[in-house]
Amino acid sequence: MELRLHLLWKILLWALPFLALILLLAWTCSLKLSVSVYSISSAKVTAPIRIALITDLHGCVYGQDQADLLAALAEQDPDLICISGDLIDENKSPEGAWMLLAAIGRAYPCFYVSGNHEFRTENLEELRSTIASYGVTLLAGEAVSCMINDQPLSIAGVDDPTGVGPIAWQEQVEQAQ
């Protein structure tokens, strides 16, 4: 029995640091900034439009004052930016989001919809007010018309269905059409 216990302890002592390393690597990879580029054609769009979609930042900061994220955005040279929720996380400070919005909110046309993590903060209206104060257009069951590169666009947005519930979400979808 004592030999088995000793063997178990040896295995645990070897496996725990290895497991901790795997968890650390997984956590680090989850914080990595990722850029994907897609090209979509439509007969309705007569001029090229570059749209940057920012999603699921969860309050992370990429470089000093968001420098890495801002450089990645600038490299894509977007005509407009859409933020599709989870910019903020209920378990983190919103300062990373505020740094980003301070840099892009008035530099680009920006549109935002709330994600499930914003709803979990329990101060959604305050967050929305702060986001709007940076010059970002909030969309919650709305569509707005704008001109980008002499091209008329209609941009619609709805809240995360887990935040507003399925009935309110369906109502927002219908309103945004």
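Residues numbered from 1 in each chain as written. Predicted model: local features only at pLDDT ≥ 70, side-chain atom pairs only at ≥ 80, totals over all residues. Heavy atoms only, no water.

A.B. asks: Pulling in residues and values, what's your account of the layout of surface pockets?
C.D. replies: Approximately 1,200 Å³ is the volume attributed to the largest pocket. Forming the walls of the largest pocket are 35 residues, and the residues nearest its centre are Ser36, Tyr38, Ile51, Ala52 and Leu53. Each residue belonging to the lining of the largest pocket can be placed in one class, and the counts come to 22 nonpolar, nine polar and four charged. What lines the second largest pocket is a set of 15 residues, and nearest its centre among them are Leu53, Cys82, Ile155, Ala156 and Gly157. It is strand 6 (residues 151–157) that provides the largest number of residues to the lining of the second largest pocket, a total of five residues. For the lining of the second largest pocket, the class distribution of residues is twelve nonpolar, three polar and no charged. (1 Å grid on protein atoms, 1.4 Å probe; cavity = no way out; pocket = protein on both sides within 12 Å on 5 of 7 lines; lining within 4 Å. Points joined across faces, edges and corners; volume = space filled by probe spheres on them. Nonpolar A, V, L, I, M, F, W, Y, C, P; charged D, E, K, R; others polar. Helix = DSSP H or I, 4+ residues; strand = E, 2+ residues; numbered from the N terminus.)

A.B. asks: Tell me about the pairing of strand 5 (residues 142–148), and please be specific about residues and values.
C.D. replies: In this structure, strand 5 lies alongside strand 6, joined through seven bridges in antiparallel fashion. Bridged to Glu142 within strand 6 is Gly157. (Pairing = 2+ DSSP bridges.)

Everything listed here is a matter of geometry and, on its own, says nothing about what the molecule does.
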